[in-house]
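Overview (structure and organization)
In case you want the letters, here they are:
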Amino acid sequence: PIAAGFILVAILAAMYFWIQRDRSLELGELELVSTFEGSHAFPAFSPEGGRVAFVAQDAAGVPQIWVKDLGEESPPLQVTFGPAAAERPRWHPNGDVIAFARRREGIWTVPHLGGTPTRVAEQGSNPNYSADGRRLTFELPDGIVVAAFDGSRAQKVAGVPARYYGIPRMPALSPDGEQIAFFHPETGPNGDIHTISASGGTPRRVTFDVRGGRAPVW
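Throughout, a residue's number is its position along its own chain's written sequence, starting from 1. For a predicted model such as this one, the threshold for reporting local features is a pLDDT of at least 70, and the threshold for listing and counting side-chain atom pairs is 80 or more; totals across whole chains, interfaces and linings nevertheless cover every residue. To obtain the side-chain values, all non-hydrogen atoms of the structure were used and water was disregarded.

As a further point, take the environment of V146. By the secondary structure assignment, V146 is in strand β11 (residues 143-148). Residues contacting V146, with those up to four places away along its chain left out, are R135, L136, T137, R153, A154, Q155, V157, I180 and A198. Numbering of helices and strands starts at the N terminus; helices are DSSP runs of H or I of at least 4 residues and strands are runs of E of at least 2. Contacts are assigned to residue pairs with any non-hydrogen atoms lying within 4.5 Å of each other.

The next subject is unusual backbone geometry. A positive phi angle, close to 45°, is found at R88, a residue other than glycine. Secondary-structure assignment places R88 in strand β5 (residues 86-91). Partly exposed describes any residue whose relative accessible area lies between the buried limit of under 20% and the exposed limit of over 50%, with all areas from a 1.4 Å probe on protein chains only and scaled to the type maximum. With a relative accessible area of 3%, R88 lands in the buried category. With phi around 55°, R153 is a residue other than glycine that occupies positive phi space. Overall, R153 belongs to the exposed group, its relative accessible area being 68%.

What follows is about the sheet that holds strand β10 (residues 135-140). Each pair of strands is called paired provided DSSP finds at least two bridges between the two strands. Spatial ordering of the open sheet is given by β9-β10-β11-β12, a layout of four strands whose pairing is antiparallel. For this open sheet the edge positions go to β9 (125-129) and β12 (155-156), each flanked by a neighbour on one side alone. As judged from the three bridges shared by β9 and β10, these two strands associate in the antiparallel manner. Directly across from N128, in β10, lies its bridge partner T137.

Tracing the sequence through the fold places R90 in strand β5. Here R90 is in contact with F42, P43, A44, V97, I98, A99, P127, N128 and Y129, once residues within four sequence places are set aside.

The buried count for β11 comes to six of six residues, which makes it a mostly enclosed element. Inspection of the sheet shows β10 paired to β11 by six bridges, in the antiparallel sense. The partner of L140 across the bridge, within β11, is G143. Connecting the antiparallel pair β10 and β11 is a turn made up of two residues. Note: β11 against β12, two bridges, orientation antiparallel. Pairing of V145 across the sheet is with K156, part of β12. Counting the residues in the hairpin turn of β11 and β12 gives six residues, including G151, whose phi is positive at 90°.

Time to look at the pairing of strand β14 (residues 179-187). As paired strands, strand β13 (residues 172-173) and β14 are joined by two bridges and run antiparallel to one another. Bridge assignment links A172 to a residue of β14, and that residue is A181. Inspection of the sheet shows β14 paired to strand β15 (residues 190-197) by eight bridges, in the antiparallel sense. In the strand pairing of β15, H184 is matched with D192. As consecutive antiparallel partners, β14 and β15 are separated by two residues, and within that stretch G188 has a phi angle of approximately 60°, a positive value.

Shown next, in the form of C-alpha cells:
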C-alpha cells in the first residue's frame with residue numbers, strides 16, 4: 001500500500017506539471033493575417049516583429065513570397081513573381097532583404113517591398129541568416145553550405161552525414177554564427193536534431209526520440 005501510495009502521488013504530480021506546461025503554451029491572442037484561398041506556408045516574422053513574410057499562390061497558381069504589414073489593414077504585398085515556385089522566406093536582420101529559394105533555381109534575395117531579385121547561389125534550398133546578418137547557410141542535396149550574406153565565399157560544411165533521400169535538413173546558424181543546427185533523418189522521414197561547427201567537424205546529436213521533425217530555431 002505504501003508503494004502504491006507513492007506511485008499515485010508521482011502520477012498526480014506528473015499530471016499537474018504536464019497540465020501546467022501545456023497551459024504555458026496557450027496562445028493569448030489570434031490575429032488573422034491573410035484571407036487568401038489555398039495553403040499558406042513558411043511564415044517568418046521580420047526582425048522587429050511588425051511584418052510577416054509567407055508563401056501563397058499568386059493568380060497563376062504559382063507559390064510566391066508575400067509580405068503582410070501587421071500594423072496596416074492593407075492586403076499582403078506580393079514581392080516575387082515568375083514561373084518558378086518560391087520557398088521558405090527568411091529575413092535578413094536589417095529587415096530590408098528577404099532570402100528565399102526557388103525550386104531548382106537556387107537561393108535568391110529580394111527587397112522586402114519587392115523589386116528585382118538577386119541570385120546568390122546557383123543551387124540550394126532552405127536558406128537561413130546568422131543573427132548578425134553576416135553569414136548565410138543553406139542546404140544542398142549532398143550537404144550544408146555556409147557563405148557570406150551575399151553568397152560569396154561559400155564552403156560546404158565537412159562532417160554532415162548523408163541525407164536520407166529528399167528529407168530536408170533545414171540548417172540554422174546559432175546566434176554567434178559558430179554552430180549549425182539541422183534535422184538528420186535516420187529511419188525514413190524520422191530522425192533527430194544535430195548540431196555541428198560551422199567550420200566542420202563531428203556532429204553532436206541533441207535529441208534522441210527518432211521522430212519526424214525539421215526547421216530547428218535557436
